[in-house]
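Letter by letter, the chains look like this.
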Amino acid sequence: MTVMFRRVAILGIGLIGSSIAHAIRAKKLAEHVTGYAKTEVTRAKALELGLVDAVFPSAAEAVLGADLIILCSPVGSYADLAREIAPGLMDGAILTDVGSVKGAVVRDVLPHVPAGVHFIPGHPIAGTEQSGPESGFAELFVNRWCILTPLADADPAAVERLSAFWRACGSNVEVMTPEHHDLVLAITSHLPHLIAYNIVSTAADLEEVTSSEVIKYSAGGFRDFTRIAASDPTMWRDVFLNNKDAVLEMLGRFSEDLSALQRAIRWGDGEALFNIFNRSRQIRRSIIAAGQDTAAPDFGRGAPKSQ
Ligand code: NAP
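The sections below set out a description of the structure shown in this document. Computed from a predicted structure; not experimentally measured.

1. Focus on unusual backbone geometry
Its identity is not glycine, yet Lys28 carries a phi of approximately 55°, on the positive side. Residue position: Lys28 is located in the loop between α1 (15–27) and β2 (30–36). Take Lys28: its relative accessible area is 56%, and that puts it in the exposed class. A positive phi angle is found at Asn143, which is not glycine, with a value near 60°. You can see Asn143 is positioned in the loop between β7 (122–124) and β8 (145–148). The partly exposed category is assigned to Asn143, whose relative accessible area is 36%.

2. Focus on the site of the ligand
Every one of the 28 residues lining the ligand counts as a neighbour, but Ile13, Thr39, Thr42, Ser73 and Ser100 are closest to it. Between an oxygen atom of the ligand and a main-chain N or O atom of Lys38, the distance comes to 3.2 Å. Separating an oxygen atom of the ligand from a backbone N or O atom of Ser73 is a distance of 2.7 Å. Within the complex, 85% of the 900 Å² of free accessible area of the ligand lies under protein. Where the shell around the ligand is concerned, the elements lending two or more residues are α1 and β7. Across the shell around the ligand, the residue classes break down as 13 nonpolar, 13 polar and two charged.

3. Regarding the sheet that holds β8
As a general point, the strands of a sheet are linked pairwise by backbone hydrogen bonds and lie either parallel or antiparallel. In spatial order, the strands read β7-β8-β9; together these three strands make up an open sheet with mixed pairing. Because the sheet does not close on itself, it has two edges, and the strands there are β7 and β9 (172–175). For this sheet, the mean inter-axis angle between neighbouring strands, taken without regard to orientation, is 20°. Set on the sheet, helix α6 (residues 156–168) makes contact with β7, β8 and β9; between it and β8 the angle comes to about 165°.

Conventions and cut-offs
- Residues numbered from 1 in each chain as written.
- Predicted model: local features only at pLDDT ≥ 70, side-chain atom pairs only at ≥ 80, totals over all residues.
- Heavy atoms only, no water.
- Helix = DSSP H or I, 4+ residues; strand = E, 2+ residues; numbered from the N terminus.
- Buried < 20%, exposed > 50% of the residue type's maximum accessible area, 1.4 Å probe, protein only.
- Near = heavy atom within 4 Å.
- Polar contact = N/O pair within 3.5 Å; in protein donor to acceptor, adjacent residues only side chain to side chain.
- Areas by Shrake-Rupley, 256 points an atom, 1.4 Å probe, with all protein chains shown as cover.
- Nonpolar A, V, L, I, M, F, W, Y, C, P; charged D, E, K, R; others polar.
- Pairing = 2+ DSSP bridges.
- Axes fitted to C-alpha atoms, helices over the stretch in contact; angles between N-to-C directions.
- Contact = heavy atoms within 4.5 Å.

Rendered as structure tokens:
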């Protein structure tokens, strides 16, 4: 693969930032990678793992001379970061991000972007429930979608350059508006996380079922929610604070459908239950057919190792 950027600055070196760094290293996409992280522990780890060539305690320093800057911290931190880095951004540079919401990112970042800098928001639809610089890996983005939400007046050449970068990381790239992104992700990602957090919290509050029973019999379905509910609390707090309208819209629809299921159970309407469950199965099959998950039984896991 040929070098695509001279100097890439990664601001926030957690799961996503470190995975991008690994992918850049693996495919030799940049000559030089700089990083910024809030804590000394993460900065030291980023150097130790060889994720970056240089790491800085200030984002303003990390972006100097960079032709690609990627915000990889929780979205609630973007406004402050954008304000801080703005004076040091190079003319012609591409400023992008990986945040899980897009409308709020445009609202928070755009006012700080200097003329001559290409601001192209982005969101790789790839992740795990792990966080931190040690959790990243180069293949995270392979065969996953990356959504770019360029503004109406974005330079097509800059959008294509960023698209080519994500394709080189293994992703398929799709372009849409920030509003559409937020609506789609509200149902495909944000609501499932909210439901997982809620079911785990409900189980934790039960009095008649002991917590050891919840853990012991978790293979009945509960454990798959706990994986999602183990996701980073700061990141997800920021997602819900910043995609309020779309999440509330989807939550309203979800509550109506849940009430319909409740009624079908109460009235013993087996046909309604069967039809809904059967349709869900088709959706699962379509996800596998689209290469977005494995058909291996038990979600691809082997039997748990005994301690
Ligand atoms: P993560 O592993 O928790 O890493 C977050 C990084 O941001 C760390 O380097 C942390 O620094 C830094 N950070 C935290 N708070 C900060 C603040 N207030 N100011 C500046 N830096 C701060 O998170 P992640 O999973 O990589 O998520 C990062 C971004 O990717 C989020 O915007 C998220 O919405 C998006 N995203 C996540 C996923 C996913 O599945 N996880 C998928 C797609 C997109 P320290 O380590 O020094 O504290």
